[in-house]
Amino acid sequence: VPTFPRRVVGGVIAGWLANVAGVLGTAPPFTLFSQVHPVIANTRIASRRVAYATCVWILICGIIGKFGAVVYEIPDCVMGAMLAYLYAQLLVLGLRIFKSDWELPSLRS
């Protein structure tokens, strides 16, 4: 089995298991967002060590209230601008995939 389809299947199974665990823990089901793809495309860093370090940082922010308060104090307009930028980057990446997969004929004669 090629690597790409196996990773896609693994991602789908992971999302399904996360939803089942959330429902069993009385949380509503959710969808997985691909907000990490623009970050990887911009920084060119897709290391597992960086992902683990980010997970530890998020856990510290959730467990220790003072660290979480620092993140909570970021103004809504800054968070909104950051999310708008990430979604715009995600759109550009998706369009780049379409362009590389399907070469559209030129409209010029």
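Residues numbered from 1 in each chain as written. Predicted model: local features only at pLDDT ≥ 70, side-chain atom pairs only at ≥ 80, totals over all residues. Heavy atoms only, no water.

Visitor: Account for the overall build of the protein, with residues named and values stated.
Guide: Of regular secondary structure, the protein possesses five helices and zero strands. Walking the protein from its N terminus toward its C terminus, one meets helices and strands in the order α-α-α-α-α. Among the 109 residues that make up the protein, the fraction classed as buried is 7%. Surface exposure of the protein reaches about 9800 Å², of which carbon and sulfur atoms provide 72%. (Helix = DSSP H or I, 4+ residues; strand = E, 2+ residues; numbered from the N terminus. Buried < 20%, exposed > 50% of the residue type's maximum accessible area, 1.4 Å probe, protein only. Areas by Shrake-Rupley, 256 points an atom, 1.4 Å probe, with all protein chains shown as cover.)

Visitor: Please provide a residue-by-residue account of a nonpolar patch on the surface, values included.
Guide: A cluster of nonpolar side chains, contributed by Trp-57, Ile-58, Val-71, Ile-74, Val-78, Met-79 and Met-82, occupies part of the molecular surface with about 610 Å² of accessible area. Mapped onto the nonpolar patch, the elements with two or more residues apiece are helix 3 (48-63) and helix 5 (76-101). Residue placement: Met-79 occurs in helix 5. (Patch = residues over 30% accessible without salt bridge, like charges linked within 9 Å, V, L, I, M, F, W, Y side chains within 5 Å. Salt bridge = Lys/Arg side-chain N within 4 Å of Asp/Glu carboxyl O.)

Visitor: So what's going on with helix 3? Residues and values would help.
Guide: Compared with the 22 Å implied by 1.5 Å per residue over 16 residues, the 22 Å span of helix 3 between its first and last C-alpha is a close match. With one of 16 residues buried, helix 3 is to be regarded as a mostly surface element. In this structure Ser-47 caps helix 3, since a side-chain oxygen of it lies 3.1 Å from the backbone nitrogen of Arg-49. (Expected span 1.5 Å × (residues − 1). Polar contact = N/O pair within 3.5 Å; in protein donor to acceptor, adjacent residues only side chain to side chain.)

Visitor: Explain the environment of Leu-86 residue by residue, including any values.
Guide: Its place among the elements puts Leu-86 in helix 5. With relative accessibility at 13%, the residue Leu-86 sits in the buried group.

Visitor: Can you tell me about the confidence of the model for the protein, naming the residues and giving the values?
Guide: When pLDDT is averaged across the protein, the result is 77; 76% of the residues are at 70 or more. The spread of mean pLDDT over the elements of the protein runs between helix 2 (residues 36-43), the lowest at 72, and helix 3, the highest at 86. (pLDDT = per-residue confidence, 0-100.)

Visitor: With reference to specific residues and values, describe the packing of helix 3 against helix 4 (residues 65-72).
Guide: Here helix 3 crosses helix 4 at 105°, and the two axes come no closer than 5 Å. Here helix 4 runs roughly perpendicular to helix 3, going by the angle between their axes. In contact with Trp-57, Ile-60, Cys-61 and Ile-63 of helix 3, helix 4 contributes Gly-65, Phe-67, Gly-68 and Val-71. (Axes fitted to C-alpha atoms, helices over the stretch in contact; angles between N-to-C directions. Parallel < 35°, antiparallel > 145°, perpendicular 65-115°, else oblique. Contact = heavy atoms within 4.5 Å.)

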